[in-house]
Amino acid sequence: MTSDPFFHPVSGFDLPRFAGVPTFMRLPHVGPEHPRFAEVDVGIVGVPWDSGTTNRPGPRHGPRQLRDASTMIRAQHQVTGQRPFETVNCADLGDVGPNPADIQDSMARITAFYDTLVAANIRPLTAGGDHLTSLPVLRALARSGPLGMIHFDSHTDLFHSYFGGTMYTHGTPFRRAVEEGLLDPKRVIQIGIRGTMYDAEDRDFARAEGIRIVEIEEFFDRGIPDVMQEARDIVGDGATYVSYDIDFVDPTFAPGTGTPEVGGPNSFEALRVCRELAGVNIVGGDLVEVSPPFDQSGATAFLGVSIMFELLCSMLARTA
């Protein structure tokens, strides 16, 4: 496919990267009311919402900082030579407007927005937001059947509840997604899990449901190619969601997140795991938990959008 030049990003040779209104990767802003919305193939969406956060808030500010950092993203992948913006029509679809005072209403708003994308056959790449963001997105994408998932994180997000029965937090989205039939647990793999624990309840749930957990020790012992080959085998050719929590990365390289865990991958390894997704049938993905208050330098956000570019290239690897 050859994309329409309207959907190409603004080049730094035509307008300096510090100039103009920032959009994701300098793409055109094409909201649902735009006359060319139906022509979009892949849409980048901001979800500025962190009402699921249980400790250090701030990811609601992530999409704005990610957009600003993304002006540094150029058009060509340095290893594969991919030029994703010339493969399909890509656009910044804007932000979902959450209700910061109501979790349930916010999730309904997010799902309704993504229902619009599904109806228009637009594959979404999401910038969160805390990790509860993934649940309402999955509710839209999985309407025709459960998805597989490759999940990069230092936490499983499989807990039953917090604080004596609070069911919707950034530590519970994938427990809810399995219970709601949005994910096929036998086609789910979680990579990079580490850190001190409340208890083993989340691991017990994963074991009972058939979810594969690759803890950080195994990840480093086996190496990225071997672990990612297993990930591709687990999800197979079926529709798959990729969810990437920035706290998968060691906080030395990504301090701007709400629940950092030491002992994780470096920034190069953070990119490399995405490259190993090429060939997976990715129907959507997200990059979540960038929290600007904990890294005002913007370095975490720049790593985050670099990961998003890698995810975009892998999403399109089957298209090219």
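For the structure itself, consult the block above.
Chemist: Help me understand the nonpolar core, please; the structure alone is not making it clear to me.
Modeler: Within soluble globular proteins, side chains that are nonpolar tend to cluster in buried spots. Phe152, Ile191, Tyr244 and Ile307 are the most contacted members of the largest nonpolar core, which has 51 residues in total. In terms of residues, this core owes the most to one element, helix H10 (residues 299-316), which gives eleven residues. Setting aside chain neighbours within four positions, we find Ile191 in contact with Ile150, His151, Phe152, Asp153, Val214, Phe219, Val227, Met228, Ala231 and Phe248. Counting residues in each nonpolar core, the second largest holds 38 residues, with Val40, Leu135, Phe174 and Ile211 among its members.

Chemist: What exactly am I supposed to notice about helix H1 (residues 62-69) here?
Modeler: Three- or four-residue spacings in an α-helix give side chains the same orientation, since the helix completes a turn every 3.6 residues. A large share of H1 lies buried, amounting to six of its eight residues. Among all positions of H1, only Gly62, Pro63, Gln65, Leu66, Arg67 and Ala69 are buried.

Chemist: Sorry, what's going on with the layout of surface pockets here?
Modeler: One simple way to see leftover space: roll a probe sized like a water molecule over the atoms. Taken as a whole, the largest pocket holds about 420 Å³ of empty space. Every residue lining the largest pocket is counted, 25 residues in all, and those nearest its centre are His155, Tyr162, Tyr198, Thr259 and Glu261. Within the lining of the largest pocket, the residues separate by chemical class into five nonpolar, twelve polar and eight charged.

Chemist: Which parts of the structure should I look at to understand the packing of aromatic side chains?
Modeler: Within a pair of aromatic rings, the relevant descriptors are the distance that separates the centres and the angle that separates the planes. This model, assessed by the stated rule, comprises twelve aromatic pairs. Note on Phe85 and Phe309: the rings are 6.2 Å apart at their centroids and 45 degrees apart in plane angle, and the pair reads as tilted. With Phe85 in helix H2 (residues 84-87) and Phe309 in helix H10, this pair connects stretches of sequence that are 224 residues apart. Pair check on accessibility: Phe85 and Phe309 agree, each one buried. Measuring from centroid to centroid gives 6.2 Å for Phe159 and Tyr162, while their planes differ by 85 degrees, and the two rings are edge-to-face. For Tyr162, a relative accessible area of 13% gives the class buried. One cation-aromatic arrangement involves Arg36 over Phe6; the distance from NZ or CZ to the ring centre is 4.6 Å. The ring of Phe294 is capped by Arg56, whose NZ or CZ atom sits 3.8 Å from the centre of that ring.

Definitions and limits used
Residues numbered from 1 in each chain as written. Predicted model: local features only at pLDDT ≥ 70, side-chain atom pairs only at ≥ 80, totals over all residues. Heavy atoms only, no water. Core = buried A, V, L, I, M, F, W, Y, C linked by side-chain atoms within 4.5 Å. Buried < 20%, exposed > 50% of the residue type's maximum accessible area, 1.4 Å probe, protein only. Helix = DSSP H or I, 4+ residues; strand = E, 2+ residues; numbered from the N terminus. Contact = heavy atoms within 4.5 Å. 1 Å grid on protein atoms, 1.4 Å probe; cavity = no way out; pocket = protein on both sides within 12 Å on 5 of 7 lines; lining within 4 Å. Points joined across faces, edges and corners; volume = space filled by probe spheres on them. Nonpolar A, V, L, I, M, F, W, Y, C, P; charged D, E, K, R; others polar. Phe/Tyr/Trp six-rings, centres within 6.5 Å; stacked < 30°, edge-to-face > 60°. Lys NZ or Arg CZ within 6 Å of the ring centre and 35° of its normal.

These figures capture arrangement, not role.
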